[in-house]
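# Structural features, examined
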Amino acid sequence: MKYTTENEQVNFAMQKQWEELVKEHPYVDLLTDAGFKHVFGNPANKTLLIDFLNAVISDRHIVDLTYGNNERIPTMKDSKHSRLDLLCITDDGSRIIVELQRSPQKDYIYRSLYYSSLLIREQVEADSNTFYFSPVYCINILDFILPEFSHLTDVKTSLRMMERTKGVELHRLLTIIYIELPKFKKTLGELDRGNLLDLFYYCLRNIYKLKNIPEPLQKIRYLFDAAEAAAMGSQEKISYIHEMNTARDIRNQIQFAEDKGREDGLEKGRAEEKKTIASKLKADGFDIDLISKYTGLTREEIEEL
């Protein structure tokens, strides 16, 4: 086959790769940015998102929501520009942030507090004498275990302001929820079919490995419909392939480094090799979170390279 331009060759190669990927994995990996946003960030899947949020936020019931702008422009000079993974506003005006994080990040709890504060701050006018704001929820879906909660066994940990001595909840204006997926260890046969959260947890971790809809997950069949990789748009495909290739390339290079380290019998050698690989990947423009996930280096260590 002849190609008139280099772009046509690239497009053909990418299309072949996409076809092979979809054949092997018909459902997207929900723990990739592209896969998560394709499913939960798509207004066409609003009912699915509402069901997920109602399962996670168990003490209220969301009837409807709208998708908000996830860009947060700094309100003060030199302050941080932020992009949220997903922001929605409920029928009663509550703000809900949903953040997905695959790789461990130092002081992640500070990050969730910061994002929550942005949603509080922007609701209060600069020249206002009142400080009223609608409730804010920050839901963090994590593919790692937070050191602060390593002693806890529950997958979901919810935080609110509370008076310590008597254990009295002060208000429900700010709720921060951490979902640590590695703590969810149920097999398909162990799922509580009446518990939506069980089913969502399982799919977040495993839908990418499935080729059909198992009987215990028929209750959330609409999640599988939304997660069909074949339904991705052209730009989504490009982002998804890039993420999957990046993850594979980093895994391969880390495996090589570990094999080399074992041959040399030097732990220090493996650590230095990982830093060398991370430095090259960073220079090539790879995502820092993905580099962190597959090298084991912290985000701060990578940024310093």
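Our structure's up above, just so we're on the same page.
Here is a short report on the structure shown in this document. (Residues numbered from 1 in each chain as written. Predicted model: local features only at pLDDT ≥ 70, side-chain atom pairs only at ≥ 80, totals over all residues. Heavy atoms only, no water.)

Moving on, we come to the overall build of the protein chain. Looking only at helices and strands, the protein chain has 10 helices and 10 strands in total. The proportion of buried residues among the 305 residues of the protein chain is 45%. Total accessible area on the protein chain is roughly 17,100 Å²; 51% of this is exposed by carbon and sulfur atoms. (Helix = DSSP H or I, 4+ residues; strand = E, 2+ residues; numbered from the N terminus. Buried < 20%, exposed > 50% of the residue type's maximum accessible area, 1.4 Å probe, protein only. Areas by Shrake-Rupley, 256 points an atom, 1.4 Å probe, with all protein chains shown as cover.)

Pairing within the open sheet is mixed, and its 6 strands lie in the order β1-β4-β5-β6-β10-β7. With one partner strand each, in any of the chains shown, β1 (65–67) and β7 (156–159) form the two edges of the open sheet. Taken pair by pair, the neighbouring strands of this sheet meet at an average axis angle of 20°, ignoring direction. Against the sheet, helix α2 (residues 33–40) makes contact with β1, β4 (86–90), β5 (95–101) and β6 (136–142), and its axis sits at roughly 150° relative to β5, the strand it touches most. (Pairing = 2+ DSSP bridges. Axes fitted to C-alpha atoms, helices over the stretch in contact; angles between N-to-C directions. Contact = heavy atoms within 4.5 Å.)

Along the chain, E273 falls in helix α8 (residues 267–283). Classification of E273 by relative accessible area gives partly exposed; the value is 21%. Sequence-wise, E273 and T295 are 22 residues apart; in three dimensions their C-alpha atoms are separated by 9.7 Å.

Working note: regular strand, side chains alternate between the two faces of the sheet. The buried fraction of strand β10 (residues 174–180) is high, at 7 of 7 residues. What you see with β10 is no split at all: L174, I176, Y178 and E180 on one side and T175, I177 and I179 on the other are buried throughout. Sheet topology places β6 next to β10; 7 bridges connect them, and they run parallel. Paired with I141 across the strands is I179, a residue of β10.

On to the environment of Q101, then. When you line up the elements, Q101 lands in strand β5. The contacts of Q101, once residues within four sequence positions are left out, are Y108, R111, I141, L142, D143, F144 and D289. A distance of 3.1 Å separates a polar atom in the side chain of Q101 from the backbone oxygen of S103. Within the structure, the side chain of Q101 is placed 3.2 Å from the side chain of R111, a separation counted as a polar contact. (Polar contact = N/O pair within 3.5 Å; in protein donor to acceptor, adjacent residues only side chain to side chain.)

The next point concerns the packing of helix α3 (residues 46–56) against helix α5 (residues 196–206). For the pair α3 and α5, interaxial distance at closest approach is 9 Å and the crossing angle is 115°. As judged from the angle between their axes, α3 and α5 are roughly perpendicular. For the pair α3 and α5, the sense of crossing is left-handed. Along its contact with α3, which presents L48, D51, F52, A55 and V56, the element α5 presents L196, L197, F200 and L204. Its residues placed into classes, the contact of α3 with α5 shows 8 nonpolar, no polar and 1 charged. (Parallel < 35°, antiparallel > 145°, perpendicular 65-115°, else oblique. Left-handed = near helix turned anticlockwise from the far one by under 90°. Nonpolar A, V, L, I, M, F, W, Y, C, P; charged D, E, K, R; others polar.)

Once that is clear, we can look at α3. Among the 11 residues that make up α3, 8 are buried, leaving the element largely enclosed by the rest of the structure. Where α3 is concerned, the buried positions are L48, L49, I50, F52, L53, N54, A55 and V56.

Glancing now at the nonpolar core. Among the nonpolar cores identified, the biggest contains 57 residues, and F40, L53, I139, I141 and L223 are the most heavily contacted of them. Excluding anything up to four places from it in sequence, L53 contacts I62, L65, C88, I96, V98 and I139. Y108, C138, F144 and Y178 belong to the second largest nonpolar core, which has 19 residues in total. (Core = buried A, V, L, I, M, F, W, Y, C linked by side-chain atoms within 4.5 Å.)

Before going further, it helps to spend a moment on the packing of aromatic side chains. How two aromatic rings sit relative to each other is given by the distance of their centres and the angle of their planes. Overall, the coordinates contain 9 aromatic pairs when judged by the stated rule. Geometrically, the ring pair formed by F36 and F40 is tilted, given 5.0 Å between the ring centres and 35° between the ring planes. One end of the pair, F36, and the other, F40, are both in helix α2, 4 residues apart, so they sit about a helical turn from each other. What links up through ring pairs into an aromatic cluster is the set F36, F40, F52 and F200. (Phe/Tyr/Trp six-rings, centres within 6.5 Å; stacked < 30°, edge-to-face > 60°.)

Pairing between side chains becomes possible if they bear opposite charge and their charged atoms approach one another. For the structure shown, the criterion picks out 13 salt bridges. The partner of R111 in a salt bridge is E99, and the shortest N-O contact between them spans 3.2 Å. Remark: E99 occurs in strand β5 and R111 occurs in helix α4 (residues 108–121); sequence separation between them is 12 residues. Judged by its relative accessible area of 0%, E99 falls in the buried class. For R160, the salt bridge identified is with E169, shortest N-O distance 3.4 Å. Among the residues examined, E169 registers a relative accessible area of 31% and is labelled partly exposed. (Salt bridge = Lys/Arg side-chain N within 4 Å of Asp/Glu carboxyl O.)

Before going further, it helps to spend a moment on the environment of I241. Its place among the elements puts I241 in helix α7 (residues 234–264). For the pair I241 and A34, spaced 207 residues apart in the sequence, the C-alpha separation amounts to 9.1 Å. Apart from residues lying up to four places away in sequence, I241 is in contact with M14, Q17 and W18.

Spatial relationships are all this shows, so hold off on functional conclusions.
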